[in-house]
Structure formats: structure tokens, C-alpha cells
Amino acid sequence: MKNILNSLTAKNAREFTQRSQRVISLRALRFFLFAFLAVTFTSCNEKKEEETHEEEKSQTEVALTASQYKTIGIETGFIENRNLNKVIKANGYTTVPPQNSAEVSTLIGGTVKDIFVLEGTFVNKGKVLATIQNLEVIEMQEEYHSATANIEYLQLEYNRQKTLSDENVNPRKTFQEVKARLAAERARLQAAKNKLDALHVSTKGSTSLVPIVAPINGYVGKISIAKGAYAQTGVSLFEVVDNSQMHLDLNVYEKDLGSISVGQVIDFVLTNQSNKSIKGKIFGINKSFSNESKTVAVHAKIESADAKGLIPGMYVSANINITNATVPALPKDAVVRNADKYFVFVEEAEHQEKQTGKEENHEKEIHFKAIEVIPGTTDLGFTELKFVDEIAPNAKVVTEGAFYLLSAMKGGGEHEH
């Protein structure tokens, strides 16, 4: 019996030992599997981080071979401290003073008889633009001639009655009546003359034609009448504009008013024309807001020589020069735009070698890095720059060919410059 118990005990012990070993082996397998997965996961993360870093790096860097560098014509320079004008940007339009623009109308209605000018014709003050016909003008001339004849008769009668009155031959009352009649006829004559003068009609002869004359020197603008039509009083028939005193009306925002003063020089270009820069000088600033946008009209004179070819109503973009300041600057072609940010390219000091072709032909590779900047004033071909991150003072910055580098950095896509 005792032997049987011992045999069973030994058997159980062996089975227990085997089960324990299997459990230990399973736990060890699980441990090693977990360790392997952890190492693999860490390696993948490191690889992803490395790939992400390389991708980010590729989005801000571009490389050229020496031959590409030469073919494109890359030029580099250094950041300079330049004396640039601080400016306020403003938009506006060309205009002329009120006294240099005229709307020509008639003081008396009538049928258009003739038109003597075309739109765009230059006319001098007093030039007859057209004639209208109105029979009332004949009556005005008859009234003038009648008053003239009456005055001649009454003047003789006045002289005779005055002599008789002085000698107490006739009653003084008769003399006073003649004197009053003479004064009335003189007033009627002057009134008739004033009417004819206002209509630019001669007091001599008799005519039914009323000339429409140019009130100023200038160019004929819009013509609003036609031959045979009826010209009404108070309605514009012609426009005449004198461009010799052309000036600008610029809209300046309230926040910039403190920096504006009379005498400041401005540079402007025609928005829809060439980029030729024209200079002017501020001569007046309005004292009230001109519209709901809270802008004030600033008036700038244009020199007569520069005003040639300009017509009222042209839209302009202007820079009002405020002060001079010494600021870090680069040629304006060094700054390129990508989306809503601005960049310059800095040549990196490290050069690598690139294998080209099947043979062991190695060519140097030149690397450039895009550096974000905030552009400021542009003047005399240079742009003020503020760097988002600091760069070395002696950094070589690309001044020619920056937009080619931007295109290459974007994978050959479109670029903005």
C-alpha cells in the first residue's frame, strides 16, 4: 500500500512539474512576442518621424546641381541696410478743379440749327459749339432798338425842357415827366442789352439764332444734342474739360490721417494703365469724412508736364511718402510669394555630391532653404524685410532666380511672384 502511494505521489509531481514548465514557456513566449512588437512599433514610429521630418524638410528646401545653378542664372547677395521711404498706400482717381470743368447749357430753349464740334475737340473759351433758333430773340433785339430810338428822342426833349424850365417858361412838372421817361427808356435799353449779352447775341442787326459758346478752354466731352432736336433750358448740351490743372483725389483712412500733411510728395500709378510712376504733391486735406468707409479725401497736384494724357476719372494707386528710415532690405525680386506667405531663399553652406549617369561622375549639389519673411516698404527697387526667424548676418540670399527655386520647391507647379 505504501508503495502504491509513493508511486502516485511521484507521478503527480512529474505532471505538476511538466505543467509548470509549459506555463513558464507560454509566459516566456508572450514576453518575447510583446518585446518584439514593442521594438517593431518603436522602429516604425521612428521611421515615420524620420519620413515626416524629411517631408517637412523637402517642403522648405530645394537643391540644384552646379550646371542647373549656372543655367538658371542664380545670383546671390547680402542683406543691406537701406534708406527707404515709409509710405501710406491710398487709392483714388484723377479729377480737375470745379472751375476747370463745365456743363454747357442754354438760357433759352430752341431748335438745334447747327453743331460745329465733335467729342474730343479742343476749343478755346468763346468758341461757338452750336446754334439754336428761337424767334423770341428777334423781339429782344427789336426792344433794344426801340429803346435806343426812344432814348435819342427823349434826350433831345430833356435838353429842351431843361432850358425852358431854367428860364421859367414851362412848368417844372413837364421837365420832370420827360426826365422820368428818359430814365425808364434807359433802363429798358440796359435790360434788353443784358439779355442779348447773356445769350451771346449781338445788339446789331436782327437774327433768331442763339450761339452756344464754350465757357472755358478745354476738350469737348459728351455731346447731348442732335441737329433738329429741341434744346431745353437747364439741360446739359456739352461737357468741356480743361486737363491742364489735373489733380488727384485720394481716399485716406482715419488711422493714417495723423501722418498726412500738406506738402508731402506722392508717387502713383494708373491702376488700369502702365506701371509708369508719376509724382504729385499734397495741397489740401478735407476736414470731413466723404463716405461711410470713414475715409477723408486728400487732394494732390500733378505737374502739368506729367498730366498730359490723363483724363478725369482714371483710377490710381498711390504711395504717400511719410519719412525716410534705414531698414534691412533686399532687391524686390528676391521676395517670392507662396499662398499667403512670403519667402526668400538662403544658400546653405553644406554642399553634397550627386552621382549622375552610370559612370562615377559626381557633381556638386547646391542647397537652398526658404526663409519666411514679412515684407514692408518697397522703394527704389528694394523691399524692407522682417524675418520670422533670425538668420546669419552674412547669409547669402538669392537675389535673382528666386521664383525658379520656388517652382522647383513646389515640384514644378505654378509659382507666385
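As a reminder, the structure under discussion sits directly above these lines.
An account of the accompanying structure is given in this report. This structure is a prediction, so every number in the text was calculated from the model and none was measured.

Glancing now at the nonpolar core. Within the largest apolar cluster, 34 residues are counted, with the highest numbers of intra-cluster contacts made by Val123, Leu129, Val137, Leu199, Val210 and Phe238. Of all the secondary structure elements, the ones that give two or more residues to this core are β4 (101-104), β7 (128-133), α3 (136-166), α4 (172-198), β8 (209-213) and β11 (238-241). A per-element tally of this core places α3 first, with 7 residues. The contact partners of Leu129, leaving out residues within four places of it in the chain, are Val104, Ile115, Phe116, Val117, Val123, Ile212, Val213, Ala214, Phe238 and Val240. Counting 23 residues, the second-largest nonpolar core is a separate cluster that includes Met246, Ile302, Leu310 and Ile320.

The 4 strands lie next to each other as β8-β7-β5-β10, forming an open sheet whose pairing is antiparallel. Edge positions in the open sheet fall to β8 and β10 (230-231), since each of these has one partner strand only.

The next point concerns α4. Between its first and last C-alpha atoms α4 spans 40 Å; for 27 residues at 1.5 Å apiece the expected length is 39 Å, and the two agree. Looking at the buried side of α4, the elements it contacts are α3. Positive backbone phi, approximately 60°, marks His200, located one or two places after α4.

Let us now look at α3. A rise of 1.5 Å per residue sets the reference length of α3, with its 31 residues, at 45 Å; its end C-alpha atoms lie 44 Å apart and thus fit the reference within 8%. For α3, the full list of buried residues reads Val137, Met140, Gln141, Tyr144, Ala147, Ile151, Leu154, Glu157, Tyr158, Gln161, Leu164 and Ser165. The inward-facing, buried residues of α3 contact α4 and β8. One or two positions beyond α3, positive phi appears at Asn168, with a value near 60°.

Two strands pair when backbone bridges link them, and β4 and β11 are joined in this way by 4 bridges, in the antiparallel orientation. Paired with Glu103 across the two strands is Glu239, which belongs to β11. Where strand β9 (residues 218-223) lies against β11, 3 bridges are found, and the strand directions are antiparallel. Looking at the pairing, Ile223 lines up with Phe238 of β11.

Moving on to unusual backbone geometry. The phi angle at His200 is positive, at roughly 60°, despite the residue not being glycine. Looking at where His200 falls in the secondary structure, it is placed in the loop between α4 and β8. Taking the relative accessible area as the measure of exposure, His200 reaches 47% and is therefore partly exposed. Not every positive phi belongs to a glycine, and Ala339 is a case in point at roughly 60°. Mapped onto the fold, Ala339 is located in the loop between β17 (336-338) and β18 (341-356).

With that out of the way, let us pick up the packing of aromatic side chains. One pass over the structure, following the stated rule, counts 4 aromatic pairs. A centroid spacing of 5.2 Å and a plane angle of 35° characterise the contact between Tyr158 and Phe175, whose relative ring orientation is tilted. Linking Tyr158 in helix α3 with Phe175 in helix α4, this pair joins segments that are 17 residues apart in sequence. The class for Tyr158 is buried, based on a relative accessible area of 18%. For Phe175, a relative accessible area of 6% puts it in the buried group. On the numbers, 4.3 Å between centres and 35° between planes, the contact of Phe403 with Tyr404 is tilted. By relative accessible area, Phe403 is classed as partly exposed at 22%. Taking the ring centre of Phe382 as reference, the NZ or CZ of Arg82 above it sits at 3.7 Å. Above the plane of the ring of Phe289 lies Lys294, whose end atom (NZ or CZ) is 4.7 Å from the centre.

What counts as what
- Residues numbered from 1 in each chain as written.
- Predicted model: local features only at pLDDT ≥ 70, side-chain atom pairs only at ≥ 80, totals over all residues.
- Heavy atoms only, no water.
- Core = buried A, V, L, I, M, F, W, Y, C linked by side-chain atoms within 4.5 Å.
- Buried < 20%, exposed > 50% of the residue type's maximum accessible area, 1.4 Å probe, protein only.
- Helix = DSSP H or I, 4+ residues; strand = E, 2+ residues; numbered from the N terminus.
- Contact = heavy atoms within 4.5 Å.
- Pairing = 2+ DSSP bridges.
- Expected span 1.5 Å × (residues − 1).
- Phe/Tyr/Trp six-rings, centres within 6.5 Å; stacked < 30°, edge-to-face > 60°.
- Lys NZ or Arg CZ within 6 Å of the ring centre and 35° of its normal.

Honestly, that's just the spatial picture; any functional story needs more than this.
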